[in-house]
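# Structural characterization, general
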Amino acid sequence: MKEKNYTPLVAVLTVVIVALIAILFFLPAYDGEIGFDVKILPMLNAIFNSFTFLALIVALIAILKKNIKMHRTFIGLAFTTTTLFLVSYVTYHYLTESTPFGGEGIVRSIYFFILLTHIVLAIVVVPLALLSVARGLSNQIDKHRKIARWTMPIWLYVSLTGVIVYLMISPYY
């Protein structure tokens, strides 16, 4: 039986997701009436990142205990909360300008280090997560394990640092 090649689909989805986010940073902020306080969205993003982190931890523990059903359930939850994060993130950055960080000294350096590594690894994790799930769902277990060994720690880092970035910048909203 021939294995399905998901690489082209993963490549297209990766380019679309990363390009959409990149474009948002070059567009001017939305200038119309909004009808709600958009400052709630960064907190919502942090909540979604927290749920993603926790779901990934449970998924990791489940697979280490060879509980594949629970693993799949919590990976599905992690994808769901990550997708909700992405919708909220894109909405926020479409509706308003980015908030500048107001910290100084070593805190500023730490913030920008965490932010930079978060952004770079968030870009990296998109194709890794998509390939991991495609290979898992198509029962390409050996290929899934090989890529998931990289995906899981990077995705955990990205979701955790998303929360840390929010906590560090939240006083400046």
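Before any of the text, the structure's been laid out above.
This text gives an overview of the structure that appears in the document. (Residues numbered from 1 in each chain as written. Predicted model: local features only at pLDDT ≥ 70, side-chain atom pairs only at ≥ 80, totals over all residues. Heavy atoms only, no water.)

## With respect to the environment of Phe85
Convention followed: Segments assigned H or I by DSSP are reported as helices when at least four residues long, segments assigned E as strands when at least two residues long, and all are numbered from the N terminus. By the convention used here, residues are in contact when the closest approach between their heavy atoms is within 4.5 Å.
Considering the arrangement of structural elements, one finds Phe85 in helix α3 (residues 68-95). Distance in space between the C-alpha atoms of Phe85 and Asn45 is 5.2 Å, their sequence separation being 40 residues. Phe85 has contacts with Asn45, Phe48 and Asn49, leaving out every residue within four places of it along the chain.

## Some thoughts on helix α1 (residues 7-24)
What counts is decided by this rule: By this rule the span expected of a helix is its residue count minus one, scaled by 1.5 Å.
Compared with the 26 Å implied by 1.5 Å per residue over 18 residues, the 26 Å span of α1 between its first and last C-alpha is a close match. Buried residues along α1 sit in contact with α3 and α4 (106-137).

## Here's the deal with the nonpolar core
What counts, and what does not: In plain words, nonpolar cores are sets of buried Ala, Val, Leu, Ile, Met, Phe, Trp, Tyr and Cys residues tied together by side-chain atoms within 4.5 Å. Think of it in three bands: residues with accessible area under 20% of the maximum for their type are buried, residues over 50% are exposed, and the middle band is partly exposed, with areas taken using a 1.4 Å probe on protein chains only.
Counting 18 residues, the largest nonpolar core has Leu56, Ile75, Ala78, Met152, Ile154 and Trp155 as its most contacted members. Secondary-structure elements contributing two or more residues to this core are α2 (40-64), α3, α4 and α5 (141-169). Non-local contacts of Ala78, meaning those with residues more than four positions away in its chain, are made with Thr52, Ala55, Leu56 and Trp155. Listed in part, the seven residues of the second largest apolar core include Phe101, Ile114, Leu115 and Met168.

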